[in-house]
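Chain by chain, the residues:
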Amino acid sequence: MLWFLVACDTPDSAEETAAELDPRVVLGESRACESSDDSPTYTESGASWGLLDGESEADRHEESPSLAIADIDGNGFDDVLVLQQLGQSYFYANDGTQFLATKLTGSGPGTSALFIDLNGDGALELLVGGLVPYVSWDLDKAPTFLTGVPAIDDHAPLPLHDFAPGDVDGDGGVDFYAPIARDQQGGVDYNDVLVSFPGGEAAVDAVAVPWDVGVRHGFDATWFDADGDGDQDVYVANDFGSIMGASTLLRNDSGLLVDAADACLCSLLSNSKGVEVGDVNRDGLPDLYVAGNPQNTLLTQLGDGTFVDVTAATGAGAVESPVTGWGANLVDYDNDGWLDLLSAQGDRWNTGNENERVDVSPRLLRQVDGTFADVGEDVGVTGSGSFRAAASLDFNLDGVEDFLVTSLEEAPLFFLSDGCTAASWVEVTAPRGSRVQVDTAGGTQTAWVRGDEGYLSNGPPRVHFGLGEAEGVSAMRVLLPTGETIATGPFEGRRRVDVVTE
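Here goes a summary of the coordinates provided. (Residues numbered from 1 in each chain as written. Predicted model: local features only at pLDDT ≥ 70, side-chain atom pairs only at ≥ 80, totals over all residues. Heavy atoms only, no water.)

So, on to empty space enclosed by the protein. This structure, assessed with the given rule, holds one cavity of 30 Å³ or more. Reported here for the largest cavity is a volume of approximately 460 Å³. Lining the largest cavity are 32 residues, with L330, L339, A447, V463 and H464 positioned closest to its centre. Mapped by element, the contributors of at least two residues to the lining of the largest cavity are β20 (271-278), β24 (324-331), β28 (387-393), β34 (443-448) and β36 (462-468). Split into classes, the residues belonging to the lining of the largest cavity amount to 12 nonpolar, nine polar and 11 charged. (1 Å grid on protein atoms, 1.4 Å probe; cavity = no way out; pocket = protein on both sides within 12 Å on 5 of 7 lines; lining within 4 Å. Points joined across faces, edges and corners; volume = space filled by probe spheres on them. Helix = DSSP H or I, 4+ residues; strand = E, 2+ residues; numbered from the N terminus. Nonpolar A, V, L, I, M, F, W, Y, C, P; charged D, E, K, R; others polar.)

Here it is, written out as structure tokens:
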């Protein structure tokens, strides 16, 4: 239930001073925590919640499976699409206690998926990269793949690992950065593209991305305002960096994407798979967490716009040799107000090559005093496999982020929190491309609303703040992609907040 708060005659709490709330800010109901812990523990609940193995084929490609997450039926709980590149894909409806599985039928193979409202009518469409790049979604029927507009694959018939939604020109529409994997066999090279949907039809801009960057081996991308100039820039994670070209930042210069490698000092020659953005050290500047091999890399931004590699100094590497980091999330799992790290690791094994499979566990690294330590075994985030995509979301609405991690051949692992935390929290849904800042008694926190969850994982445009010892938010500022700022507060925590601009 969503409701507006009104001011009372005797304002004794943050709830009762809500007259200052902007009417475009809708407060969800505050949720009590009856039995709280300082640090949550987790139980792997995939089987009990109904997650299936996807009826995998033996010849599984290493890029699958991927995640697309959204509240499709409007019941408040996030539903999940697990998209297999070769095996059976499933849509899981979440009722808060279990996932109800439905097979996706039709011509369904794909390498990435995203639920998003393309035409602004309030209904979600399903965008799929692979053999079927655009799909309609009908809630009145069983989910099925329907061939739509094959514009992207007509341009570049190579694996499309990610749809990164943004707004490069600031017109309020959705522009996707589509990183395209380079042909490793020496065939024709294809540039990364920008895709928009004017009038509901896909339009591909094949020249917007600088050629020397766009023809690298693209795996993931994410939009955020890297330089604080009000428009969205994009960081592209490229595999085989030392051979095919580095991962790097493309700066948005009045709608023109420019390679910012020399200015940001943030290029990486590693084998990069995915990229996440967050304010790890709480200085208000966006930091980058890039998953890959030989390690995951944490880059923190300095005041002059350059980045510095603090992986070794902070212990954020989190990759066991000889495997690779794939999906990785910046997540405040214990709600103490500081971002922690979840790493989905896996080897490069697939049937047909000569490599022997190596199974490892996901890694959960807690941040304390600026350094990270593995707490996975202590809190129940354990398992063995070759993992790919990772998502950190509150699937059961207890205020603690849960973890969903896909496996190359087995069913996904689902780490569900065993209880709520003593520390309060706030989750904010806002237009993609927004920057959200919350002020509490413990200081200011900053997050960038994107919706992508790293490699092969996309979710709702929502950010989660742990409030630590603070019970509520004294002020919240949301800088919209249009340049307008919505300032509001105060309000108590333990709730979701929706910023409604239309």
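Spatial strand order, β20-β21-β22-β23: four strands in an open sheet with antiparallel pairing. Only two strands of the sheet have a single partner each, and these edge strands are β20 and β23 (307-309). Going across the sheet, the axis of each strand differs from the next one's by a mean of 25 degrees, ignoring polarity. As defined by bridge partners, strand β22 (residues 297-301) adjoins β23 across three bridges and the pair is classed as antiparallel. Looking at the pairing, Q301 lines up with F307 of β23. (Pairing = 2+ DSSP bridges. Axes fitted to C-alpha atoms, helices over the stretch in contact; angles between N-to-C directions.)

What follows covers the nonpolar core. Counting residues in each nonpolar core, the largest one holds 22 residues, and the members touching the most others are V428, V436, F465, M476, V478, F491 and V497. Contributing elements (two or more residues each) for this core: β2 (25-28), β32 (424-429), β33 (435-440), β36, β38 (475-479) and β41 (495-499). When residues in this core are grouped by element, the largest group, three residues, is from β36. Discounting residues that sit within four places of it in the chain, V436 has contacts with V428, Q445, T446, A447, V449, V463, F465, M476, R477 and V478. (Core = buried A, V, L, I, M, F, W, Y, C linked by side-chain atoms within 4.5 Å. Buried < 20%, exposed > 50% of the residue type's maximum accessible area, 1.4 Å probe, protein only. Contact = heavy atoms within 4.5 Å.)

A cis amide bond links N293 to the next residue, P294, at an omega of 15 degrees. Tracing the chain through its elements places P294 in the loop between β21 (287-293) and β22. The residue after G489, namely P490, is reached through a cis peptide bond having omega 0 degrees. On the secondary structure map, P490 appears in the loop between β39 (485-488) and β40 (491-492). Although it is not a glycine, D369 sits at a positive phi angle of roughly 55 degrees. For L397, which is not a glycine, the phi torsion comes out positive at approximately 60 degrees. Note that L397 resides in the loop between β28 and β29 (402-407).

With respect to the helices and strands, the residue T324 is situated in strand β24. At 3.4 Å, the side chain of T324 forms a polar contact with the side chain of N293. (Polar contact = N/O pair within 3.5 Å; in protein donor to acceptor, adjacent residues only side chain to side chain.)

Attention now moves to the packing of aromatic side chains. Following the criterion strictly, the structure yields 12 aromatic pairs and no others. Between W49 and F99, the ring centres sit 5.1 Å apart and the planes meet at 65 degrees, which makes this aromatic pair edge-to-face. Placement of W49 in the loop between β4 (42-44) and β5 (66-70) and of F99 in strand β8 (residues 99-103) is noted, with a sequence separation of 50 residues between them. Judged by its relative accessible area of 7%, W49 is buried. Overall, F99 belongs to the buried group, its relative accessible area being 3%. Residues F395 and F414 carry aromatic rings whose centres are separated by 5.5 Å and whose planes lie at 85 degrees to one another, so their mutual orientation is edge-to-face. Placement of F395 in the loop between β28 and β29 and of F414 in strand β30 (residues 413-417) is noted, with a sequence separation of 19 residues between them. Across the pair, F414 and F395 agree in class, each one buried. (Phe/Tyr/Trp six-rings, centres within 6.5 Å; stacked < 30°, edge-to-face > 60°.)

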